[in-house]
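Structural description and commentary
So you can see what is in the structure, the chains are spelled out below.
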Amino acid sequence: MPFMISNPNRPEKPPCIKRRLYPKRRGRLWRYPGTTPSVTIHDYLFKRQWLILLTPVAAVFSFFAKNHPNWVEFVYSTKFYPILSQALGFLSSLVPFSLAECIIVGLIVLGIYLVVSLVLRLVRNDGDRPRSWYVVRFLSTVLAIASVIYALFVLDCGLNYSRYPFTYYSGLSVRDSSSQELAELCAELIEEANLLREQVQENESGITQLSKSMYQTANDAKTAFDILSQGYPVLQGNYAQPKPVVLSRFMSYAQITGVFFPLTFEANINREAPEYTIPATMCHELAHLRGFMREDEANFIGYLACRYSDNLEFQYSGVMLALVHSMNSLYGADPEWYFTLAQQYSQGVAADLLYNNQYWRRYEGAVAEVSNIINDSYLKANFQNDGVRSYGRMVDLLLADYRKRHELV
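Residues numbered from 1 in each chain as written. Predicted model: local features only at pLDDT ≥ 70, side-chain atom pairs only at ≥ 80, totals over all residues. Heavy atoms only, no water.

Of regular secondary structure, the chain possesses 16 helices and five strands. Expressed as a percentage of its 409 residues, the buried residues of the chain come to 42%. Within the chain, contacts between residues separated by at least 24 positions form 73% of all contacts whose residues are at least 6 apart in sequence. For the chain, the computed accessible surface area is about 22,900 Å², with 60% contributed by carbon and sulfur atoms. (Helix = DSSP H or I, 4+ residues; strand = E, 2+ residues; numbered from the N terminus. Buried < 20%, exposed > 50% of the residue type's maximum accessible area, 1.4 Å probe, protein only. Contact = heavy atoms within 4.5 Å. Areas by Shrake-Rupley, 256 points an atom, 1.4 Å probe, with all protein chains shown as cover.)

The subject of this paragraph is the nonpolar core. As a rule of thumb, nonpolar side chains are buried together in soluble globular proteins. Counting residues in hydrophobic clusters, the biggest one holds 75 residues, and the most contacted among them are Phe 225 and Phe 300. If you tally residues by element for this core, the top one is helix H12 (residues 312–333), at nine residues. When near neighbours in sequence (up to four residues on either side) are disregarded, Phe 300 contacts Phe 166, Leu 172, Met 394, Leu 397, Leu 398 and Asp 401. (Core = buried A, V, L, I, M, F, W, Y, C linked by side-chain atoms within 4.5 Å.)

Quick look at the pairing of strand E5 (residues 266–269) now. Every second residue of E5 is oriented toward a common face, with Glu 266 and Asn 268 on one face and Ala 267 and Ile 269 on the other, all of them buried. Inspection of the sheet shows strand E3 (residues 243–244) paired to E5 by two bridges, in the parallel sense. What sits directly across from Pro 244, in E5, is Ile 269. Pairing analysis gives four bridges linking strand E4 (residues 258–261) to E5, with the strands arranged antiparallel. (Pairing = 2+ DSSP bridges.)

Looking at the element boundaries, Tyr 81 is found in helix H3 (residues 69–92). Judged by relative accessible area, Tyr 81 falls into the buried class, the value being 0%. Through-space distance from the C-alpha of Tyr 81 to that of Leu 155 is 8.8 Å; in sequence the pair is 74 residues apart. Excluding its chain neighbours within four sequence positions, the residues that come into contact with Tyr 81 are Tyr 76, Asp 156, Cys 157, Asn 160, Phe 260, Phe 265, His 288, Leu 289, Arg 290 and Gly 291.

Its location among the elements puts Glu 266 in strand E5. Using a relative accessible area of 2% as the deciding quantity, one classes Glu 266 as buried. There is a polar contact of 2.8 Å between the side chain of Glu 266 and the backbone nitrogen of Ala 100. Those residues in contact with Glu 266, other than ones at most four positions away along the chain, are Ser 92, Phe 97, Ser 98, Leu 99, Ala 100, Lys 243, Val 259, Phe 260 and Phe 261. (Polar contact = N/O pair within 3.5 Å; in protein donor to acceptor, adjacent residues only side chain to side chain.)

So, about the confidence of the model for the chain. Reading predicted coordinates in detail is not appropriate for stretches of low pLDDT. When pLDDT is averaged across the chain, the result is 85; 82% of the residues are at 70 or more. Segment residues 16–32: pLDDT under 50, and 19 contacts once partners within four positions in sequence are set aside and those in other chains are kept. The low-confidence segment residues 387–391, where pLDDT is below 50, has 18 contacts with residues more than four positions distant or belonging to other chains. (pLDDT = per-residue confidence, 0-100.)

It is worth spelling out the packing of H12 against helix H14 (residues 347–361) at this point. Between H12 and H14, whose axes approach to 12 Å, the crossing angle comes to 70 degrees. Our classification of the angle between H12 and H14 gives roughly perpendicular. Between H12 and H14 lies a crossing whose hand is right-handed. Counted together, Tyr 316, Met 320 and Val 324 of H12 and Gly 348, Val 349, Asp 352 and Leu 353 of H14 form the full contact between these two elements. Looking at side-chain class alone, the contact of H12 with H14 contains five nonpolar, one polar and one charged residues. (Axes fitted to C-alpha atoms, helices over the stretch in contact; angles between N-to-C directions. Parallel < 35°, antiparallel > 145°, perpendicular 65-115°, else oblique. Left-handed = near helix turned anticlockwise from the far one by under 90°. Nonpolar A, V, L, I, M, F, W, Y, C, P; charged D, E, K, R; others polar.)

A few words on the sheet that holds E5. Reading across from one edge, E3-E5-E4 is the order of the three strands in this open sheet, with mixed pairing throughout. Each having just a single partner strand, E3 and E4 make up the two edges of the open sheet. Each of E4 and E5 touches helix H10 (residues 278–289); the most contacted strand, E5, lies at about 160 degrees to it.

The next subject is unusual backbone geometry. Phi is mostly negative for residues that are not glycine, and the peptide bonds are mostly trans. Even without being a glycine, Gln 255 presents a positive backbone phi close to 60 degrees. Looking at Gln 255, the relative accessible area reads 33%, which means it is partly exposed.

Think of an α-helix as 3.6 residues a turn; residues three or four steps apart then line up on the same face. Its 13 residues place the ends of helix H11 (residues 295–307) 18 Å apart at the C-alpha level, agreeing with the 18 Å of an ideal helix rising 1.5 Å per residue. The element H11 is largely enclosed, with a buried count of 12 among its 13 residues. Within the sequence span of H11, burial applies to Glu 295, Asp 296, Glu 297, Ala 298, Asn 299, Phe 300, Ile 301, Gly 302, Tyr 303, Leu 304, Ala 305 and Cys 306. (Expected span 1.5 Å × (residues − 1).)

Laid out in structure tokens, this is it:
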């Protein structure tokens, strides 16, 4: 077969221009060549709308737990939660500083960045997208972040609000009490506080001060729980010790002495608070870390940990925590008894209480009011109908413990 030889005198056809019939990837999106990049509001929402759906899913799960405390106690609180909290708590304990503090600061910076970016884009409007697109993107981002945080909160610890009360393990019987019983409890606590106050250190101003560093005190708090867990096995476990917060001054402005952060399973402590309150605060937050989220129970468990500790500073701190709440209740029930018993404070106890009041009065203001509203709403959202007043319900447990110790009917 002869070879085909092209005719040099024959004009060649112009090259054929072919259009790509399939999209080409540009960045994260697939586009046809020549088209202008554009993303609709629906396309952007589709990327993260499944994260927003975490909120109703977590809310349904939370309400399910509220109606099934038996499942919460024997499946979640005593089996799943201890494994999760101790594992993640161990990871967070590998660094000496508070990861929770870093996350909160990071969220604040992120929030400022998102707001500033939204404002700048709305003012300039130099893009090919409508202003509504940026507004929807901002709102969807905020809702997605909030949904993820809420879902993690419910999974990490929120279900513990629906577990059995601590009386299930302590055997205490809570009932209405008379003013006489409350006054007798206060008198006992005053006597103990006066005795312990003589055995702790004080500074040149006559105010109680801790004899150890913050980290050593935190280790003592962990030891106190190891001792308490011998009588209450439900509290056993290798949990991380509390951490002081660097930006404690901001906690003071918010009237916060400590906070349990469930995303990192850290007990965070305001290191600038009056020192006699710090051991009890540490034990309160460690009670949260061990799965008891109700504030009255965390207060009472923290008091027990301090009472059974072999550290006199912890004993004094726990008694003072119980004394303040009990005397506040007595003032509401019988002011005459209150003023009569208040005269029995030793000079050292009275000085500590006065300093404590003066310290927190310095930080009263709008920030404290907003913080109180947020905390009240948070507690009510987690089925503590008394809100911030639930801290004071610790007195009911103290009275039940008082009757049990003195074998009263």
